[in-house]
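Architecture and fold: a report
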Amino acid sequence: MQEEIINRVAQSKLETFNLEDYYPEGERVLFDIKDWLLEGFLLKEKDFREKAKNHDWEQFQGTYIALTCSTDAIIPAWAFMLITTYVSPYANKVIIGTLEQLESSIYQDIIKDIDVSFYNDKPVIIKGCSKKPVPQNAYIMITNKLLPIAKSVMYGEACSSVPLYKRK
């Protein structure tokens, strides 16, 4: 006699939170200023300002920008600030750092604004294995946001989750 197969996952009150659902579209650009420096190391203010003024900033419409200098040059803060004044009207976000830091910063803004009240007193699984580049920090940020309200927090998939927290 064959017993009916019951999908207990589908019948559970388990809620899945997928960070990938919040991934914003837009190209990520690492803007390296080393080519604007004399021999890659010396910032000459007049030349730097001229390059910033004459650069085609419109190409960055809808992008996310991480400003950097890949050489060991000492860059004054105003240099990155000047570039920001030109690129900000076009870019969605501008930071100083790496592409990984840019993704973390993007997700920090997103997670700050997410209303998690839906997950109040519910078991929540934070979905892993995304196809989009969700930064590791985003998993920490959403865990911190869910801990005070969720009944339990797990990571992975419903069929093979890793328990992280259970309210006592």
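Above this text sits the structure in question.
The following refers to the structure shown. The model shown is predicted, which means the values in this text are computed figures rather than measured ones. (Residues numbered from 1 in each chain as written. Predicted model: local features only at pLDDT ≥ 70, side-chain atom pairs only at ≥ 80, totals over all residues. Heavy atoms only, no water.)

1. Things to note about the sheet that holds strand β2 (residues 28-32)
With parallel pairing, the three strands of this open sheet are ordered in space as β2-β3-β4. If you trace the sheet from one side to the other, it starts and ends with β2 and β4 (93-96), each paired once. Strand after strand, the sheet turns through a mean of 20 degrees between neighbouring axes, direction not considered. As defined by bridge partners, strand β3 (residues 64-68) adjoins β4 across four bridges and the pair is classed as parallel. Within β4, the residue paired with L67 across the bridge is I96. (Pairing = 2+ DSSP bridges. Helix = DSSP H or I, 4+ residues; strand = E, 2+ residues; numbered from the N terminus. Axes fitted to C-alpha atoms, helices over the stretch in contact; angles between N-to-C directions.)

2. Quick look at the packing of aromatic side chains
Each aromatic ring pair is characterised by the separation of its centres together with the angle its planes make. Using the criterion set out here, one finds 12 aromatic pairs in the structure. Where F17 meets Y22, the ring centres are 5.3 Å apart and the plane angle is 10 degrees; that geometry is what we call stacked. Look at Y22 and you get partly exposed, because its relative accessible area is 31%. Measuring from ring centre to ring centre gives 6.0 Å for W36 and W57, while their planes differ by 70 degrees; the resulting arrangement is edge-to-face. (Phe/Tyr/Trp six-rings, centres within 6.5 Å; stacked < 30°, edge-to-face > 60°. Buried < 20%, exposed > 50% of the residue type's maximum accessible area, 1.4 Å probe, protein only.)

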